[in-house]
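# Architecture and fold: a report
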Amino acid sequence: MAHHAVIEIENMPDSPVAREDLGAGGASRGAGARSPLFWKVLLLSIAVIWGYSFTTMKDALDTIPVFELLYIRFLPASLVMLAVFHKRIVAHFNARNLIVGLGMGVLMWGAYGLQTIGLAQTTAGKSAFLTGTYCILVPFASYVLSGEKLTRYNLGAALLCLAGIGLVALDSVEFNVGDVITLGGAVFFAIQMAVAAKYGRKMDINVITFWMFAGNGVLCLISSLPFETQAPLSVWTPSFIGVMAFLSVGCTCVGLLIQNVGLAHVPASTGSLLLSMESPSGVLFSVLLMGEVLTSRLLAGFALIFLSIILSETHFGFLRNSPLDQR
């Protein structure tokens, strides 16, 4: 049934490519002209920014409720996208883009909702680790949705990365309800990344990202107003407004747009591995900025994560092609 739905979506007509997507002579231009390495570096950079945002999110949750935080993140982000990409959004206003974009919005609503609810009931470190499990799940989700090859290298890299994240982020192995909720959010993140990788290669990723932001923002607004006590105006100090602007524009609008575009240009398994670096980078910022002690456990975790990236990118081919092998 799911496979039939995917085929139906792919067979839906789309409007012509927006004029601003075309260069001289009608040739495509823009993001597609960049090399995969460019997008890998950007994905890694966004992961570092998201790692920095973990403590910011934790502090913000002490001030406003979960879904109010989320609709304040996503609705302004959708307005920024509308202002920047309104020509593309109008040119590609059709059922296909609405279904894919709003469907991704529903997935993000589930992912961020579960992650943020779970974060309120667990530690930032455990939330980072459990959210990072999507690097294991994305290759399977991409295989089911897109038929993307499932190799022993990307699975091995994901397992190495997860082990490293565990050493870096976990402060205990005890599980509570918040941990289970956070793990559920990781499943939604994995499916959303697989969907972005599949359709971002065939559709205007900027347009479906706009609909993802708008759909998620509206769902979070509906989830918040009837059930949460909205934060009083007194909490909206200049510093708190600055924090929310960082989360909405930097982490959401710019960060998730780069995530979706990047996933359209690199394999989903590689992209998810690079994005999972947000977990160890969060701990690294704690070491650099908050005085956390750099222990041997943290160093071992960072080493495993570094090895996972080398395995994913090289398959350790340089070892097989060493001078000893050529004798």
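Residues numbered from 1 in each chain as written. Predicted model: local features only at pLDDT ≥ 70, side-chain atom pairs only at ≥ 80, totals over all residues. Heavy atoms only, no water.

## What to know about helix α3 (residues 66-91)
Operational definition: Each helix corresponds to a stretch of at least 4 residues labelled H or I by DSSP, and each strand to a stretch of at least 2 residues labelled E; elements are numbered beginning at the N terminus. Here a helix's expected span is defined as the number of its residues, less one, multiplied by 1.5 Å. To obtain the bend at a residue, axes are fitted to the seven residues ending there and to the seven starting there, and the angle between these axes is taken.
The end-to-end C-alpha distance of α3, which contains 26 residues, comes to 35 Å, matching closely the 38 Å that a straight helix rising 1.5 Å per residue would cover. Within α3, the axis deviates most sharply at Phe85, by approximately 85°.

## Examining a nonpolar patch on the surface
Convention followed: Patch membership needs two things, relative accessible area over 30% and no salt bridge, and members are linked within 9 Å if like-charged or within 5 Å if nonpolar (Val, Leu, Ile, Met, Phe, Trp, Tyr). Values of accessible area rely on a 1.4 Å probe in the Shrake-Rupley scheme; residue burial ignores everything except the protein chains shown. Definition used for salt bridges: Asp or Glu carboxyl oxygen within 4 Å of a side-chain nitrogen of Lys or Arg. For each residue, the accessible area found with a 1.4 Å probe, counting protein chains only, is set against the maximum for its type, and the residue is called buried under 20%, exposed over 50%, and partly exposed in between.
Residues Val80, Val84, Val249 and Val254 make up a contiguous nonpolar surface patch of about 290 Å² in total accessible area. Elements supplying a minimum of two residues to the nonpolar patch: α3 and α10 (238-263). Mapping Val84 onto the fold places it in helix α3. A relative accessible area of 55% places Val84 in the exposed class.

## Remarks on empty space enclosed by the protein
Inclusion rule: A 1.4 Å probe that fits but cannot get out identifies a cavity on a 1 Å grid over protein atoms alone, an open set with protein on both sides within 12 Å along at least five of seven lines counts as a pocket, and a residue lines either if it has an atom within 4 Å of a point. Grid points are joined across faces, edges and corners, and a volume is the space filled by probe spheres set on the points. In this count, Pro and Cys sit with the nonpolar residues alongside Ala, Val, Leu, Ile, Met, Phe, Trp and Tyr, while Asp, Glu, Lys and Arg are called charged and the others, Gly among them, polar.
One pass over the structure, following the stated rule, counts 2 cavities of 30 Å³ or more. Approximately 200 Å³ is the volume attributed to the largest cavity. In terms of lining, the largest cavity is formed by 17 residues, of which the most central are Trp50, Tyr112, Gln115, Phe189 and Glu278. Broken down by element, the residue count for the lining of the largest cavity peaks at 4 residues, all from helix α2 (residues 36-61). Elements with a minimum of two residues in the lining of the second largest cavity: α7 (152-169) and α11 (268-275). At 4 residues, the largest contribution of residues to the lining of the second largest cavity is made by α11. For the lining of the second largest cavity, the residue count by class is 4 nonpolar, 5 polar and no charged.

## With respect to the packing of α3 against α10
Our working rule: What counts as an axis is a line fitted to C-alpha atoms, over the stretch in contact for a helix, and the angles between N-to-C directions run from 0 to 180 degrees. Angle categories: roughly parallel below 35 degrees, roughly antiparallel above 145, roughly perpendicular from 65 to 115, and oblique for all the rest. Crossing chirality is assigned from the near helix's rotation relative to the far helix, an anticlockwise turn below a right angle marking it left-handed and a clockwise turn marking it right-handed. Every residue pair with non-hydrogen atoms within 4.5 Å of one another is taken to be in contact.
As a packed pair, α3 and α10 sit with axes 8 Å apart at the nearest point and diverge in direction by 55°. Taken together, α3 and α10 sit at an angle that is classed as oblique. Crossing of α3 over α10 shows right-handed handedness. The residues of α10 that touch α3, namely those facing Leu69, Ile72, Arg73, Phe74, Pro76, Ala77, Val80, Met81 and Phe85, are Met244, Leu247, Ser248, Cys251, Thr252, Cys253, Leu256 and Leu257. Residue composition of the contact of α3 with α10, grouped by class: 14 nonpolar, 2 polar and 1 charged.

## Some remarks on the environment of Leu150
With respect to the secondary-structure elements, Leu150 resides in the loop between α6 (134-146) and α7. By relative accessible area, Leu150 is classed as partly exposed at 29%. Put simply, Leu150 and Pro139 are 11 residues apart on the chain and 6.4 Å apart in space, counted from C-alpha to C-alpha. Apart from residues no more than four positions distant in its own chain, Leu150 is found in contact with Pro139, Phe140, Tyr143 and Leu155.

Function-wise, these values are silent; they only describe arrangement.
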